[in-house]
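Descriptive structure summary
Spelled out, the chains give:
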Amino acid sequence: MSVYQYVADNDPRGAEMIINSFGYEVTDRTNLGQSLTELVSQVGEPALKKVMEYHPDRDIILEFNVDNKKSECGCGNCARMRTQEQYMNANGNETQKETKPDILAHQTNMIVVVATIFIVGALMLKNK
């Protein structure tokens, strides 16, 4: 279940108010979760923040995330990373993103394999 469906199921009136606050009209009250998903995809972060204000578990979520703010070092990078993690999987799908070190390691491994094949081929041709 996506976060949008969860909010719509637990607070249908709130979901309608969110949609109306951005100038849209609710046409299908049976599918408010999908309407919220489309609203966030069109409007972006302001709509997502509004949806999260109506999240039934927002107090618990905020309570768990208060301790994470203390661990920031003040470099600005910590805040950006926390913001990226905050919106991950908002539509209920699991995503696996490769990080830069993973991509770099994969590229390095490919270069080593290709170089090894090239050297073995050159040695075989030289010995003939």
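It should be noted that the structure appears before, not after, this text.
First, a word on what this report is: a plain description of the structure on this page. (Residues numbered from 1 in each chain as written. Predicted model: local features only at pLDDT ≥ 70, side-chain atom pairs only at ≥ 80, totals over all residues. Heavy atoms only, no water.)

**Observations concerning a nonpolar patch on the surface**
Put simply, the rule reads: Patch members must show over 30% relative accessible area and no salt bridge, and they are joined within 9 Å when carrying like charges or within 5 Å when they are nonpolar side chains of Val, Leu, Ile, Met, Phe, Trp or Tyr. Here the accessible surface of atoms and residues is derived via Shrake-Rupley with a 1.4 Å probe, and residues count as covered only by protein chains that are part of the display. Any carboxyl oxygen of Asp or Glu within 4 Å of a side-chain nitrogen of Lys or Arg constitutes a salt bridge here. Comment: elements are numbered from the N terminus, with helices defined as DSSP H or I runs of at least four residues and strands as E runs of at least two. Each residue's exposure class comes from its accessible area (1.4 Å probe, protein chains only) as a fraction of the maximum for that residue type: buried when under 20%, exposed when over 50%, partly exposed otherwise.
Among the surface-exposed residues, Phe118, Ile119 and Leu123 lie close enough to one another that they form a single nonpolar patch of about 350 Å² accessible area. Positionally, Phe118 belongs in helix H7 (residues 100-127). Relative accessible area serves as the criterion here: at 63%, Phe118 is assigned to the exposed category.

**What about helix H4 (residues 45-53)?**
What counts, and what does not: This arc describes the spread of directions from the helix axis toward the C-beta atoms. Here, two residues are considered to be in contact whenever any of their heavy atoms come within 4.5 Å of each other.
Every buried residue belonging to H4 is among Ala47, Leu48 and Val51, and all of these are buried. Down the axis, H4 shows its buried residues gathered within 100° of arc, on one side only. Residues of H4 that are buried sit in contact with helix H1 (3-10), helix H2 (12-21) and helix H3 (32-43).

**Some thoughts on H3**
Because an α-helix completes one turn every 3.6 residues, residues spaced three or four positions apart along the sequence face the same direction. Put simply, the rule is: For a helix, the expected span equals 1.5 Å multiplied by the residue count minus one.
Between its first and last C-alpha, H3 extends 16 Å over twelve residues, near the 16 Å set by a 1.5 Å rise per residue. Burial in H3 covers these residues: Leu32, Gly33, Leu36, Leu39 and Val40. Seen end-on, H3 carries its buried residues on one side only, within an arc spanning 120°. When the buried face of H3 is taken as reference, the exposed residues oriented beyond 90 degrees from it are Ser41 and Gln42. For H3, the elements touching its buried residues are H1, H2 and H4.

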